[in-house]
Amino acid sequence: LRANFSVIQKETGFVNGLIAVLHDITEQEKINEERREFVANVSHELRTPLTSMRSYLEALAEGAWQDAEIAPKFLEVTRTETERMIRLVNDLLQLSKMDSTDYILTKEWVNFVDFFHRIIDRLEMTKEQNVTFKRELPKQAIFVEIDADKLTQVLYNIISNAMKYSPEGGQITFSIKEQEDHIIVSISDEGMGIPKENIGKIFTRFYRVDKARSRKLGGTGLGLAIAKEMVNAHGGTIWAVSEEGKGTEISFTLPYDVAEEDEWS
Ligand code: ADP
């Protein structure tokens, strides 16, 4: 806390007042510190793929381009690094949009069960890993008011993690539970899990349990931070339950009004 004092003095020199202005510098300091850390993180995240690309490009320029076996491999590395950087920059733009004060959601009424099915269908068709999808979704419609693009991104980020961290042949289960004034959407996997001491941090920007592994899998460390901000913007909360070696379940809530639901039927 910082205090500025001004003395109110009359022309006669007589002091008849004192103004104290108190600034909460701890709050300001915290924001500055977070900003510095964020810029350092972004720089680091960009520098890593760039230095790696430089080495591969140097090797190519120095003659590797003539090697019919090595050249395509080196080019492939530079391509995947470029793709990761594009993902990173897109994620950063997404976060920066959400940070701005005029951030608004474009909400519409959506049957969340159909919506969830469509997203799972899309990922099921394009998946490259050997994982099975199990749907524990209600038969009846559940109408919620959401920004469909944002929720697509939330689900995509969570499900792609579940796939990334799943073992060969693992199962991913999707469920929706109806509560009185909210629904709980859960995605669980049979993957490596998250150590107890790290679980509270996975929704923090750039936090990863295993940096090298996340990078190798093409991660940016921003997926869950984005998901959290989007869920919060909808008035919901998000959390993780995990057991190391057994699997992880990510769940989030969305406000839901049973009374309003009746108007639809
Ligand atoms: P990343 O791009 O690294 O996946 P995220 O923000 O999506 O970044 O996730 C943050 C970290 O949380 C990941 O690096 C990983 O360590 C952990 N994590 C997220 N989802 C899972 C999961 N389903 N199983 C195990 N670990 C996970």
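Residues numbered from 1 in each chain as written. Predicted model: local features only at pLDDT ≥ 70, side-chain atom pairs only at ≥ 80, totals over all residues. Heavy atoms only, no water.

Asker: What is the right way to read helix H6 (residues 223–233) from this model?
Answerer: Because an α-helix packs 3.6 residues into every turn, residues spaced three or four apart end up facing the same way. Listing the buried residues of H6 in full gives Leu224, Ala225, Ile226, Ala227, Met230 and Val231. Buried residues belonging to H6 abut helix H2 (70–99), helix H4 (148–164), strand E8 (238–243) and strand E9 (247–255). Of the residues flanking the end of H6, it is glycine 235, one or two places downstream, whose phi is positive at about 85°. (Buried < 20%, exposed > 50% of the residue type's maximum accessible area, 1.4 Å probe, protein only. Helix = DSSP H or I, 4+ residues; strand = E, 2+ residues; numbered from the N terminus. Contact = heavy atoms within 4.5 Å.)

Asker: Sorry, what's going on with the side chain of serine 214 here?
Answerer: Here serine 214 is to be found in helix H5 (residues 211–216). Judged by its relative accessible area of 3%, serine 214 falls in the buried class. Setting aside its immediate chain neighbours within four residues, serine 214 contacts Tyr165, Arg208 and Gly219.

Asker: Teacher, can you tell me more about the sheet that holds strand E7 (residues 182–188) here?
Answerer: Across a sheet, strands are paired by hydrogen bonds formed along the backbone, either parallel or antiparallel in direction. Read across the sheet, five strands follow the order E4-E6-E7-E9-E8 without closing on themselves; strand pairing throughout is mixed. The open sheet has two free edges, formed respectively by strand E4 (132–136) and E8, since each of these has just one partner strand. Taking each pair of neighbouring strands and ignoring which way they run, the sheet shows an average axis angle of 15°. Pairing of E4 with strand E6 (residues 171–178), which is carried by five bridges, proceeds in the parallel orientation. What sits directly across from phenylalanine 133, in E6, is isoleucine 172. Of the strands in this sheet, E4, E6, E7, E8 and E9 touch H4, which is tilted by about 170° from E9. (Pairing = 2+ DSSP bridges. Axes fitted to C-alpha atoms, helices over the stretch in contact; angles between N-to-C directions.)

Asker: Quick question: what am I supposed to make of the site of the ligand here?
Answerer: In the vicinity of the ligand lie 19 residues, with Asn161, Asp189, Ser214, Thr220 and Gly221 positioned nearest. Contact with the protein chains hides 97% of the accessible area of the ligand, taken as 530 Å² for the molecule alone. Residue assignment for the shell around the ligand shows that the elements contributing at least two residues are H4 and H6. Ranked by residues supplied to the shell around the ligand, first place goes to H4 with three residues. Its residues assigned to classes, the shell around the ligand comprises eight nonpolar, eight polar and three charged. (Near = heavy atom within 4 Å. Areas by Shrake-Rupley, 256 points an atom, 1.4 Å probe, with all protein chains shown as cover. Nonpolar A, V, L, I, M, F, W, Y, C, P; charged D, E, K, R; others polar.)

Asker: What's the story with a nonpolar patch on the surface in this structure? I'm lost.
Answerer: A contiguous nonpolar surface patch, about 420 Å² in accessible area, is contributed by Phe5, Val7, Val15 and Leu18. Secondary-structure elements contributing two or more residues to the nonpolar patch are strand E1 (2–9) and strand E2 (15–23). Its location among the elements puts valine 15 in strand E2. (Patch = residues over 30% accessible without salt bridge, like charges linked within 9 Å, V, L, I, M, F, W, Y side chains within 5 Å. Salt bridge = Lys/Arg side-chain N within 4 Å of Asp/Glu carboxyl O.)

Asker: Can you help me understand the pattern of salt bridges in this one?
Answerer: Pairing between side chains of opposite charge can happen when their charged atoms approach one another. Throughout the structure, instances matching the rule amount to 12 salt bridges. For glutamate 81, the salt bridge is made with arginine 84, and the minimal N-O distance between the two is 3.5 Å. Of this pair, glutamate 81 and arginine 84 both sit in helix H2, three residues apart, which is roughly one turn of that helix. Among the salt bridges present, the one from aspartate 99 reaches arginine 205, with a minimum N-O distance of 3.1 Å. Separated by 106 residues along the polypeptide, aspartate 99 in helix H2 and arginine 205 in the loop between E7 and H5 bring together distant segments of the chain. We classify arginine 205 as partly exposed; its relative accessible area is 23%. A single salt-bridge network, built from bridges that share partners, covers Glu76, Arg79 and Glu83.

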